[in-house]
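Chain residues, written in single-letter form:
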Amino acid sequence: MATVAENIQPATLSNEEVLRYSRHLIMPEVGMEGQLKLKAAKVLCIGAGGLGSPLALYLAAAGVGTLGIVDFDVVDFTNLQRQIIHSTDDVGRKKLESAEESIKGINPLVDVRKFETKLTSDNALALFRDFDVVVDGTDNFPTRYLVNDACVLAGKPNVYGSIFRFEGQASVLATKDGPCYRCWYPEPPPPGLVPSCAEGGVLGILPGLVGVIQATEAIKLILGKGEPLIGRVLLVDALGMKFRELRLRKNPDCPVCGKHPTITQLIDYQEFCGIRGEEAPATTKVPEIQAEELKQRLDAGDDIFILDVREPHEYQICNLNGYLIPLGDLPKRVNELDSSRDIVAHCRSGVRSAKAVDFLRQAGFRKVKNLVGGVLAWSDRIDPKMPKY
Amino acid sequence: MRILIPTPLRPYAAKQDAVEVPAKTVGEALSGLTSQYSDLRRHLYTDDGKLRAFVNVYLNDEDIRYLQKENTPVRDGDTLSIVPSIAGGGCRCLGGCCCCPR
Ligand SMILES: [Zn+2]
């Protein structure tokens, strides 16, 4: 994008930098001019997670002078499968601290600016103002729309990437004449219509693939070289290893980047993403049983039927010897259950099984309870040998 | 014609990644798909029968909103792609499921 490249003021390179970046300097597409642009460039990464990890590492290695990172999270063990900027020893540390250390390890010349905060409608515009390019590595719809709108309003390109299981999307949004995220998807899905965690998860290498595509696009924008992913979406299917491209058009009626925008300042994105839901996130009140009480009653030899409503692959990780009927199959398999027996339904954390108990009660079951906290609570309070996931 | 089913919707289409349906228009193709897999219907359409705003449909590489929408004619070798918005991370639930205790 010419606008980004033009805004960036060249400096000079030290001998140390000339050596470090020599494989860039000897290619005409980068050269001294390009490397100076990279050095002068300021890129803001939203999130130091799956997408943020590879892209921050590569941008640092490539010699981007200033890397801002917005994150307020702490490294945990489940991050390590994909968030390669963090190491096992970093578990429990702030992601910002851990990311800075990894970046400095690769390239101590990078000026790392840490923003330990949640990106909000109150701080986004001020944050974005000081950067040339914003790279969106977030993982939820409210922040996606916030990043998009703030990029449009601040006039900063949004290098977009998103992943789900083994599929990814990448594009360059909110450039001067290009489409934005709202041109593409005017509205987020209502919370009730998204897959449950039974269909969640992400292939660990996928954020690597997509994050490196984002890093590539950010660098092209800074250099002003090549064909950026503007007006195009790249779809990545890691399982089929297929890359497809779709056209993405600027919508003249777009509420934020169209001819007559109705969104001229940042809004409440939680409300925007949540309030349109046909069903709110489940907080159904159903009869409950605590892990301790279940343990006591099982030890006392009470006749309790344990119904596990997770997926078969979750059952393989750990189980309470329950009878497995995945939540989605419950309506058609309800005849396998005996309504005269005491039933305790459980899942991983208690959310799916609350839905199962609610469903069973509507189906006439009176002696059914939800195990509060699911196998996680069981592992925490009854059997620490049971793995958590 | 061939309809490509995205990962998040495969559980509602017997886990298939593509479905072959006979159709003369995009609308016919989608109704052929949802009559085979009725669970898909509420994911693709609102209660009043409109395509949902977070589900985009592409005929080959073009968004049908910029063609003739559901009236767009299709040919045998064409591919229809359903592309829902994905937020990233591991889950799309906005904190409503057991992965995302918020
Ligand atoms: Zn727009």
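Remember, it's a predicted structure, so these values are computed and weren't measured experimentally.

Criteria and thresholds
Residues numbered from 1 in each chain as written. Chains lettered and ligands numbered in written order. Predicted model: local features only at pLDDT ≥ 70, side-chain atom pairs only at ≥ 80, totals over all residues. Heavy atoms only, no water. Pairing = 2+ DSSP bridges. Helix = DSSP H or I, 4+ residues; strand = E, 2+ residues; numbered from the N terminus. Contact = heavy atoms within 4.5 Å. Axes fitted to C-alpha atoms, helices over the stretch in contact; angles between N-to-C directions. Salt bridge = Lys/Arg side-chain N within 4 Å of Asp/Glu carboxyl O. Buried < 20%, exposed > 50% of the residue type's maximum accessible area, 1.4 Å probe, protein only. Polar contact = N/O pair within 3.5 Å; in protein donor to acceptor, adjacent residues only side chain to side chain. Domains from an automatic or database assignment.

## Some points on the sheet that holds strand S11 (residues 323-324) of chain A
Residues and elements named next belong to chain A.
Step number 1: The strand order across the open sheet formed by 5 strands is S9-S13-S12-S10-S11, and the pairing between neighbours is parallel. Two strands close off the open sheet at either side, each with one partner strand: strand S9 (288-289) and S11.
Step number 2: Along the sheet face, helix H12 (residues 291-299) touches S9, strand S10 (304-308), strand S12 (342-346) and strand S13 (368-371) and points at about 135° away from the line of S10.

## Observations concerning the pattern of salt bridges
Step number 1: If you walk through the whole model with that rule in mind, you get 28 salt bridges over all chains.
Step number 2: In this structure, Glu167(A) and Arg10(B) form a salt bridge, with 3.3 Å as the shortest nitrogen-oxygen distance. Here Glu167(A) is found in strand S6 (residues 167-173), whereas its partner Arg10(B) is found in the loop between strand S1 (2-4) and strand S2 (18-20) on a different chain. One exposure class covers both Glu167(A) and Arg10(B), and it is buried.
Step number 3: Measuring nitrogen to oxygen at the nearest pair gives 3.1 Å for the salt bridge that ties Arg232(A) to Glu245(A). One end of the pair, Arg232(A), is in strand S7 (residues 232-237); the other, Glu245(A), is in strand S8 (residues 242-247), with 13 residues separating them in the sequence.
Step number 4: Here Arg232(A) falls in the partly exposed class, since its relative accessible area comes to 22%.
Step number 5: What you see here is one network of salt bridges that share partners, running through Asp90(A), Arg93(A) and Glu101(A).

## A word on the side chain of Glu217(A)
All names here are of chain A.
Step number 1: As for its position among the elements, Glu 217 is in helix H10 (residues 206-223).
Step number 2: You can call Glu 217 buried: its relative accessible area is 6%.
Step number 3: There is a polar contact of 2.7 Å between the side chain of Glu 217 and the side chain of Lys 220.
Step number 4: Apart from residues no more than four positions distant in its own chain, Glu 217 is found in contact with Val 159, Val 172, Glu 227, Pro 228 and Leu 229.

## A closer look at the domain arrangement of chain A
Step number 1: In terms of domain boundaries, chain A breaks down into domain 1 (4-272) and domain 2 (288-381).
Step number 2: Between the C-alpha centres of domain 1 of chain A and domain 2 of chain A the distance comes to 41 Å.

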